[in-house]
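# Breakdown of the fold
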Amino acid sequence: MLDYSHNAWLVAASLAVALMAGFTGLYLTHGASKLDDQRRKFVVALAAVILGGGIWSMHFVAMLGLQLPILFYYDALITLISALVAILMVGLALLLLHFRARSPSTIVGAGIIVGLGIVVMHYIGMAGMELCRPVYTASDVAIATVASVVLSVLAIWVAYDNRTQRNILLGTVCFGLAVFTMHFVATGLTDFTASDNAGGAGPALNNQILAMGVTVAVFLICGAFLLTGITFIGPEPAAEAPQPALRAGVPFEREGQTFFTEPARIAAIRAEGHYTVLYMGAEKLFCPWSITEAETRLKPDGFLRAHRSYLVNPRHVSRFERHKDNGTCYFDQVDALSKVPVSRSRLTDIREALGL
């Protein structure tokens, strides 16, 4: 077994990287649930790259500080795979948090996935070492896994139980400690031996080449951290100017003429190409507004997007049915419309509006 030590400066740098990545990823998704599906997917993907890339960067910053009495290398392909695993597993956790109802079981499940992602990334990264073989037992892996999962669940719970700035900061600390603690607990339980096996799945990376790659990754994380940090500490965004009250009501066309109706009479609105259809009682009426314009203008009147094609007036909903990951609003008093689907991304807002 080889004696080893750590460079204290690089140990501190690894913790800083984990904290910056955690803050950037967690704050980047702040308010993502209010975005449309396409923009939300982009934000979640970007946050997954930052959080997963932060886990990978923290690991290899710490590994650059690992001081062994022999020369060793890393297999480039396995090193890349470790980064992809971290990004994919964190991405899966974020998808659960931002595209499903955010229940306690969802939060805990997402935390477990993140914790397992940290562990899997660590041991895949260690498996990429050449001329030096890490030695550990199943119990060592179990201890590191428990530490990672517990701290990751705590991080996700704190950051997502209440999406305030304070919670995000506390979640950042928990996330950074989860990644940092797991790495050094696992490394502390690992022994290293010299190995003659220099063959790997891909080209070999020495510490100098790895350092350049890690530096680029850390540079990008720092840049993203600065951009999100400026937003975080900046002044609170000004409140949106209230939409002017509708003077004539909601327009609809009938027999070549344009009429207007009070928003309160409308039960739901459905997208019809670039226009919409209003549902009032037994009538379906053509409206020249787009679904986006209708959503903007009728937001003060309580209308909510239940589906990408539907706006609903919660006052007309007579029943609500919850399915596995979506729902249905029923309109028993509206002859022209029996029900409206509720997509999983809109489920929380609709349930809150209905007092559920």
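Provided above is the structure to which this section pertains.
All values derive from a computational prediction rather than experimental measurement. (Residues numbered from 1 in each chain as written. Predicted model: local features only at pLDDT ≥ 70, side-chain atom pairs only at ≥ 80, totals over all residues. Heavy atoms only, no water.)

### Section: the packing of aromatic side chains
What the rule picks out here adds up to 10 aromatic pairs. With a centroid separation of 5.6 Å and an interplanar angle of 75°, the aromatic rings of phenylalanine 23 and phenylalanine 225 are classed as edge-to-face. One end of the pair, phenylalanine 23, is in helix H1 (residues 8-28); the other, phenylalanine 225, is in helix H7 (residues 207-233), with 202 residues separating them in the sequence. You can call phenylalanine 225 partly exposed: its relative accessible area is 27%. (Phe/Tyr/Trp six-rings, centres within 6.5 Å; stacked < 30°, edge-to-face > 60°. Helix = DSSP H or I, 4+ residues; strand = E, 2+ residues; numbered from the N terminus. Buried < 20%, exposed > 50% of the residue type's maximum accessible area, 1.4 Å probe, protein only.)

### Re the packing of helix H4 (residues 104-127) against helix H6 (residues 165-188)
Orientation of H4 relative to H6, taken along the N-to-C sense of each, is 40°, at an axis distance of 10 Å. When the axis of H4 is compared with that of H6, the two are oblique. Between H4 and H6 lies a crossing whose hand is right-handed. Seen from H4, the contacting residues are Val114, Ile118, Val119, His122 and Tyr123; seen from H6, they are Phe175, Ala178, Val179, Met182, His183, Ala186 and Thr187. Of the residues belonging to the contact of H4 with H6, the class tally is nine nonpolar, three polar and no charged. (Axes fitted to C-alpha atoms, helices over the stretch in contact; angles between N-to-C directions. Parallel < 35°, antiparallel > 145°, perpendicular 65-115°, else oblique. Left-handed = near helix turned anticlockwise from the far one by under 90°. Contact = heavy atoms within 4.5 Å. Nonpolar A, V, L, I, M, F, W, Y, C, P; charged D, E, K, R; others polar.)

### A few points about the pairing of strand S17 (residues 339-342)
A one-sided burial pattern is seen for S17, the buried positions being Val340 and Val342 and the unburied ones Lys339 and Pro341. Pairing analysis gives four bridges linking strand S16 (residues 327-330) to S17, with the strands arranged antiparallel. Counterpart to glycine 327 in the pairing with S17 is valine 342. (Pairing = 2+ DSSP bridges.)

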